[in-house]
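# Residue-level structure breakdown
Spelled out from the first residue to the last, the chains are:
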Amino acid sequence: HAGLLPIGSSFHYLFDIDKDEGGNIISELVATPTSHWHMWNTRFGEVIEVSASVWQGSIARDGFIVVVRNITEQEELRKRNLHIEHEAMKVEIRSKEMEVAVNTRHRFMTNMSHELRTPLHGILGLVELLEHSSLTENQSLRLIQLRKTGKHMLQLINDILDVSKLESSQYQ
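Think of each chain on its own: its residues are numbered from 1, step by step along the sequence as written. Totals for whole chains, interfaces and linings use every residue, but because this is a predicted model, local features are given only for residues with pLDDT of at least 70 and side-chain atom pairs only at 80 or more, for both listing and counting. Just so you know, side-chain values use all the structure's heavy atoms and leave hydrogens and water out.

### Observations concerning the overall build of the protein
On a plain count of helices and strands, the protein comes out with 4 helices and 3 strands. Each helix and strand of the protein, ordered N terminal to C terminal, gives the series α-α-β-β-β-α-α. Categorising residues by exposure relies on relative accessible area from a 1.4 Å probe, with only protein chains included: less than 20% of the type maximum marks a residue as buried, more than 50% marks it as exposed, and the intermediate range marks it as partly exposed. Expressed as a percentage of the 172 residues in the protein, the buried residues total 22%. We call two residues in contact whenever any of their non-hydrogen atoms come within 4.5 Å of each other. Restricting the contact set of the protein to residue pairs at least 6 apart, pairs at least 24 apart contribute 43%. Note on areas: these come from Shrake-Rupley sampling with a 1.4 Å probe, and a residue is covered only by the protein chains present in the view. Total accessible area on the protein is roughly 12900 Å²; 58% of this is exposed by carbon and sulfur atoms. Numbering of helices and strands starts at the N terminus; helices are DSSP runs of H or I of at least 4 residues and strands are runs of E of at least 2.

Dropping the structure here:
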């Protein structure tokens, strides 16, 4: 344990922990014959990765290696990437919601235009039949106005449906 004290002092400096506690951390890292690593935040705001490996030599003495790396930039990049992935998922969800909304609106407009055009075609058909019957001049003028208004309304309904189709195709 005496050989671990200088390393414990380094841990004390970096992580603001007791020197003996630093030595204990290293002892725990090398307690098993496999590699271990841990990440800590330093007192300076950096992220440090500490790894330790134990080896048992046939020619040389048994020992261990401790590697300390500053991985602050990698951690910052990892956090930024997680944030970007999270934002991308939110955008994808919003996009799908928008697509559903546009398709729902399109179906509504298609159904509504059909529901409006069907009786309007009936009205225009009756106007055409009435135009071939004997009417007073005043009745004929009113019927012409009714036909113009009906055709204008039909054109508006068709235009609304066309805009709805265009919007729907843009989101598909």
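Having seen the structure, we can now continue with the description.
### What about a nonpolar patch on the surface?
Patch membership is restricted to residues that have no salt bridge and whose relative accessible area is over 30%. Joining uses 9 Å for like charges and 5 Å for the nonpolar side chains Val, Leu, Ile, Met, Phe, Trp and Tyr. Salt bridge, as used here, is a side-chain nitrogen of Lys or Arg placed within 4 Å of a carboxyl oxygen of Asp or Glu. On the surface, a cluster of nonpolar side chains totalling about 270 Å² of accessible area is made up of Phe108, Met112 and Leu116. Topologically, Phe108 is positioned in helix 3 (residues 72–131).

### So, helix 3
Given a helix with a known number of residues, its expected span is that number minus one, times 1.5 Å. Across its 60 residues, helix 3 extends 86 Å between first and last C-alpha, which sits within 8% of the 88 Å expected from 1.5 Å per residue. Within the sequence span of helix 3, burial applies to Thr72, Glu75, Val102, Asn103, His106, Met109, Ser113, Leu120, Leu124 and Val127.

### A short note on the pattern of salt bridges
Enumeration according to the criterion identifies 6 salt bridges in this entry. Of the charged contacts, one joins Lys96 and Glu92 as a salt bridge, the two residues approaching to 3.4 Å between their closest N and O atoms. Here Glu92 and Lys96 lie together in helix 3, a separation of 4 residues that amounts to about one turn. Where Glu131 meets Arg147, a salt bridge forms, and the shortest distance between an N and an O atom there is 2.5 Å.

### Looking at the confidence of the model for the protein
Residues with a pLDDT of 70 or more make up 67% of the protein, whose mean pLDDT is 79. Confidence, read as mean pLDDT per element, is least for helix 1 (residues 5–15) in the protein (60) and greatest for helix 3 (91). Residue-level confidence of the predictor is what pLDDT reports, using numbers from 0 through 100.

### Details of the environment of Met109
Relative to the helices and strands, Met109 is located in helix 3. The exposure class assigned to Met109 is buried, which follows from its relative accessible area of 18%. Taking the C-alpha atoms as reference points, Met109 and Ile160, 51 residues apart in sequence, are found 7.8 Å from one another. When residues no more than four places from it in sequence are discounted, the contact partners of Met109 are Ile160, Leu161 and Ser164.

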